[in-house]
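Single-letter residue listing:
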Amino acid sequence: MSNGSSIPQCLLLPLADTRVLQLWHFWLFRGISLAALLGNSLINTSTACDQHLHTPSYFFLLSLSLLDLGCISTTVPKSKANSLWDSRDISYTACAAPIFFLHFFLIAEFYFLTIMSYDRYVAICKPLHYGSLLGSRACVHMAAAAWGTGFLTALLHTANTFSLPLCGGNAVEQFFCEIPQFLKLSRSHSYLREVGLFVIAVCVTFGCFVFIVGSYVQIFRAVLRIPSEQRCHKAFSTCLPHLAMLSLFVSTSAFAYLKPPTISSPPLDLVVSVLYSVVPPAVNPLICSLRNQEL
């Protein structure tokens, strides 16, 4: 039976067939990555240097910004190099690192978005208990749990994926290494182990999603009871950036990983993958700064 050791090279999906379009893709991705680097670096610098921003909300925003930088640094550089040098190949073993780091950053990012919804809930619904519920120790523990859970989950999925025998060729229908595309190359029933892990991950993600929805239901109920229109507007303004980032991340990621196989196609997969792995890291800093005068 063929396995990974007999497939020394994998072929990634080219972004374009003509040389001109390849160069256009290179400069487009270069611009997006520079925008993401600049925006997230400004958030990191501002949060670290300004004493007024040393609060739980900005601590979680700093972590989210670091994850965004990691996410776009995992997918874009190899794609830019392939477009610039007109190449597609990547070694089979070299795919392990981007698969691990991409899923590590994405999983941890969703957990931080969940934590940030709890932060908004406490700030609006229980402001008198904010200091006790979200003290420095509690924030560090929640952040460590998000980073640690993301690391272990990504490690488990990556190790299981690369233990599968690959019998479906070496063409990966994506511009970066991704677990669903590798599962398509496995023609044995061993991939059911990864499906089982995926189902568990979906259940945990659904639990986080229910927690987020419940938090915002309580937030909106509390905000609508605020008599002052100005304070009501301020409360909504603190929630809107988080809701925008959450909606963008959840909608694109859910469609990428849960869409029916019947509507799957390389062009559609390519567009969706760009939307969930490339666009959010570049857009999130803009979303945060639009309604935040402190940044």
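(A) Highlighting the nonpolar core. With 55 residues, the main nonpolar core has F112 and F175 as its most contacted residues. Where this core is concerned, the elements lending two or more residues are α1 (19-49), α2 (56-85), α3 (96-125), α5 (136-161), α7 (191-224), α8 (229-258), α9 (266-277) and α10 (279-290). No other element matches α3, which puts 16 residues into this core. When sequence neighbours within four positions are dropped, the list of residues in contact with F112 reads F60, S63, L64, L67, A143, A146 and W147. C10, L12, C95 and C177 belong to the second-largest nonpolar core, a separate cluster that totals 13 residues.

(B) Molecular detail of the state of the cysteines. All chains considered together, the criterion is met by 1 disulfide. Linked covalently through their sulfurs, C95 and C177 form a disulfide whose S-S length is 2.3 Å. Across the S-S bond of C95 and C177 the torsion is about -40°, and the bridge reads as left-handed. With a gap of 82 residues between them, C95 in the loop between β2 (89-91) and α3 and C177 in the loop between α5 and α6 (179-184) connect regions that are remote in the sequence. Residues C95 and C177 agree in their burial class; the two are buried.

(C) Representation of the layout of surface pockets in the model. Here the largest pocket defines a volume of roughly 1300 Å³. Taken together, 43 residues make up the lining of the largest pocket; nearest its centre are F198, V202, S253, Y257 and L258. Going through the elements one at a time, α3, α5, α6, α7, α8 and α9 are the ones with two or more residues in the lining of the largest pocket. In terms of residues, the lining of the largest pocket owes the most to one element, α7, which gives 12 residues. Residue composition of the lining of the largest pocket, by class: 28 nonpolar, 10 polar and 5 charged.

(D) Quick look at the confidence of the model for the protein. With 88% of its residues at a pLDDT of 70 or more, the protein shows a mean pLDDT of 81. Overall, residues 1-5 carries pLDDT values under 50, and its contacts beyond four positions in sequence, including any with other chains, amount to 9 contacts.

(E) Structural detail: the packing of aromatic side chains. By the definition in use, this model includes 15 aromatic pairs. Put simply, the rings of F59, F60, F100, F101, F104, F105, F112, W147 and F151 touch in pairs and so form one group of aromatic residues.

(F) Focus on empty space enclosed by the protein. One pass over the structure, following the stated rule, counts 1 cavity of 30 Å³ or more. In this structure, the largest cavity encloses a volume near 40 Å³. Residue lining of the largest cavity: N40, I43, L61, L64, S65, D68, M245, N284, P285 and C288, and that is the complete set. Elements with a contribution of two residues or more to the lining of the largest cavity: α1, α2 and α10. Ranked by the residues each element gives to the lining of the largest cavity, the list is headed by α2, at 4 residues.

About the criteria used
- Residues numbered from 1 in each chain as written.
- Predicted model: local features only at pLDDT ≥ 70, side-chain atom pairs only at ≥ 80, totals over all residues.
- Heavy atoms only, no water.
- Core = buried A, V, L, I, M, F, W, Y, C linked by side-chain atoms within 4.5 Å.
- Buried < 20%, exposed > 50% of the residue type's maximum accessible area, 1.4 Å probe, protein only.
- Helix = DSSP H or I, 4+ residues; strand = E, 2+ residues; numbered from the N terminus.
- Contact = heavy atoms within 4.5 Å.
- Disulfide = S-S within 2.5 Å.
- 1 Å grid on protein atoms, 1.4 Å probe; cavity = no way out; pocket = protein on both sides within 12 Å on 5 of 7 lines; lining within 4 Å.
- Points joined across faces, edges and corners; volume = space filled by probe spheres on them.
- Nonpolar A, V, L, I, M, F, W, Y, C, P; charged D, E, K, R; others polar.
- pLDDT = per-residue confidence, 0-100.
- Phe/Tyr/Trp six-rings, centres within 6.5 Å; stacked < 30°, edge-to-face > 60°.

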